[in-house]
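Chains, contacts and geometry: an overview
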Amino acid sequence: MGEEGRILLKTVDLTLSFGALRAVDGASIDVPERRITLVIGPNGSGKTSLINAISGIYKPSSGRVIYDGMDITGLPPHRINELGIVRTFQIPQPFLRLTVLENLLVSWRGVPRTSLLRNMGRRWVSEEKEAAEYAFKVLRFLNLDRVWDQYAYQLSGGQLKLLELARALMNRARLVIMDEPIAGILPTLAHDIFSYMRKSVSELGITILAVEHRLDIALKYVDHVYAMHRGKIIASGPPETVVSNPLVIESYLGG
């Protein structure tokens, strides 16, 4: 879906071990800027372990993670988030007792709150106004503005997935790492979610690295695919090339 962009994130021979088990075994991937990169593979192939190692949930055993030219290997999740990388999870994790709007406001990346506390008055009001205005822009962009005042626990599964993306956009993310963004979602809504992901890339310029099982839906929207099996990258390239690779077919059939 377009020419390759500048490489925003890359892993170099990344390994993640749990005792004798190598969940990720020398994985090297490139994630171009303003593109959707998809990681596929059968259960237990190392997909989620790979993005956990990238996002700081687990510290890699060896290898490197390079983001925007910086070595971020082993940094804790909050430091990685501060650099502009936001991770979403297979099971959405919003604040269930906050409204949709409130969930976005707590994700706002503007003037640090400590700075606001030292500079009360007009600046505080200005910052709050800017955050609210930006939140409604994000909500309109993702068609969530009609449920802005509903509590998160009242949303449908598809709306919760979009709320996760909305919180990432509110955080001014440059790279969003998504773990199974359409898991458990009806096909029509699943297409909608990937359409909004595509729209976020093309109109807002963000970059997405996703893990997804539902290839019949996801492959229509992504630019580049990496296939994993037993912790290793076994194929990479355009979607149609990877899914027709004999090694990939064999891995899904249990070979």
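Residues numbered from 1 in each chain as written. Predicted model: local features only at pLDDT ≥ 70, side-chain atom pairs only at ≥ 80, totals over all residues. Heavy atoms only, no water.

1. A closer look at the overall build of the chain
Note the cut-off: Only DSSP runs of H or I reaching four residues or more are called helices, and only runs of E reaching two or more are called strands; each is numbered from the N terminus. Type-normalised accessible area, obtained with a 1.4 Å probe on protein chains alone, sets the label of each residue: buried when under 20%, exposed when over 50%, and partly exposed for intermediate values. Two residues form a contact once any of their heavy atoms are found within 4.5 Å. Areas reported as accessible are Shrake-Rupley estimates using a 1.4 Å probe. Residue values count occlusion only from the protein chains shown.
If you tally the helices and strands in the chain, you get 10 helices and 10 strands. On the principal axes, the C-alpha backbone points of the chain span a range of 60 × 40 × 35 Å. Burial statistics for the chain: of 255 residues in total, 49% are counted as buried. Across the chain, every contact between residues at least 6 apart in sequence was considered, and the portion connecting residues at least 24 apart equals 69%. Here the chain has roughly 12200 Å² of accessible surface; of this, 54% comes from carbon and sulfur atoms.

2. Observations concerning a nonpolar patch on the surface
Let me state the cut-off plainly: Nonpolar side chains (Val, Leu, Ile, Met, Phe, Trp, Tyr) are joined into patches within 5 Å and like charges within 9 Å, using only residues with over 30% relative accessible area and no salt bridge. Salt bridges are defined as contacts in which a side-chain nitrogen from Lys or Arg sits within 4 Å of a carboxyl oxygen from Asp or Glu.
Together, F18, L21, I57 and Y58 make up an exposed nonpolar region whose accessible area comes to about 360 Å². Residue placement: I57 occurs in the loop between α1 (47-54) and β4 (62-67). Looking at I57, the relative accessible area reads 35%, which means it is partly exposed.

3. Section: the pairing of strand β9 (residues 224-229)
Definition in use: In short, DSSP must find at least two bridges between two strands for them to pair.
In terms of residue burial, β9 counts as a mostly covered element, since six of its six residues are buried. The alternating pattern of β9 places H224, Y226 and M228 and V225, A227 and H229 on opposite faces, both of which are buried. Taken together, the four bridges between strand β3 (residues 36-40) and β9 define a ladder with parallel strand orientation. Along β9, the bridge assignment pairs I40 with A227. Relative to strand β10 (residues 232-237), β9 runs antiparallel, the two being bridged by five bridges. Each residue of the ladder has a partner; that of H229, found in β10, is K232. What sits between the antiparallel neighbours β9 and β10 is a turn of two residues, in which R230 has the positive phi angle 55°.

4. As for the pairing of strand β1 (residues 7-18)
Two elements, β1 and strand β2 (residues 21-32), share eight bridges in a ladder whose sense is antiparallel. Bridge pairing in β2 places F18 opposite L21. Counting the residues between successive antiparallel strands, the hairpin from β1 to β2 contains two residues, one of them, G19, with a positive phi of roughly 65°. By the bridge criterion, five bridges tie β1 to β4 in an arrangement that is antiparallel. Across the sheet, residue T15 finds its bridge partner in β4, namely S62.

5. What to know about the environment of S156
Tracing the backbone shows S156 in the loop between α5 (122-141) and α6 (157-170). Separated by 12 residues in sequence, S156 and L144 have C-alpha atoms that sit 11 Å apart.

6. Section: the sheet that holds β1
Threshold: An axis is simply a line fitted to the C-alpha atoms; with a helix, the fit covers only the stretch in contact. Between two such axes, the angle follows the N-to-C directions and lies from 0 to 180 degrees.
Read across the open sheet, the four strands follow the order β2-β1-β4-β5; overall the sheet is antiparallel. On the outer flanks of this sheet lie β2 and β5 (70-71), each paired with one strand and no other. The sheet contact formed by β4 and β5 spans two bridges and is antiparallel. Paired with I66 across the strands is D71, a residue of β5. On the sheet, α1 packs against β1, β2 and β4 and is oriented at approximately 115° with respect to β1.

7. Topic: the pattern of salt bridges
Enumeration over the complete set of coordinates arrives at 11 salt bridges. In this structure, K232 and D25 form a salt bridge, with 3.0 Å as the shortest nitrogen-oxygen distance. Linking K232 in strand β10 with D25 in strand β2, this pair joins segments that are 207 residues apart in sequence. Given a relative accessible area of 42%, K232 falls into the partly exposed group. With its nearest N and O atoms 3.0 Å apart, the salt bridge here joins R79 to E82. Here E82 and R79 lie together in helix α2 (residues 77-82), a separation of three residues that amounts to about one turn. Its relative accessible area of 33% is what places R79 among the partly exposed residues. Via salt bridges that share partners, R6, E33, D68 and R174 belong to a single interconnected network.

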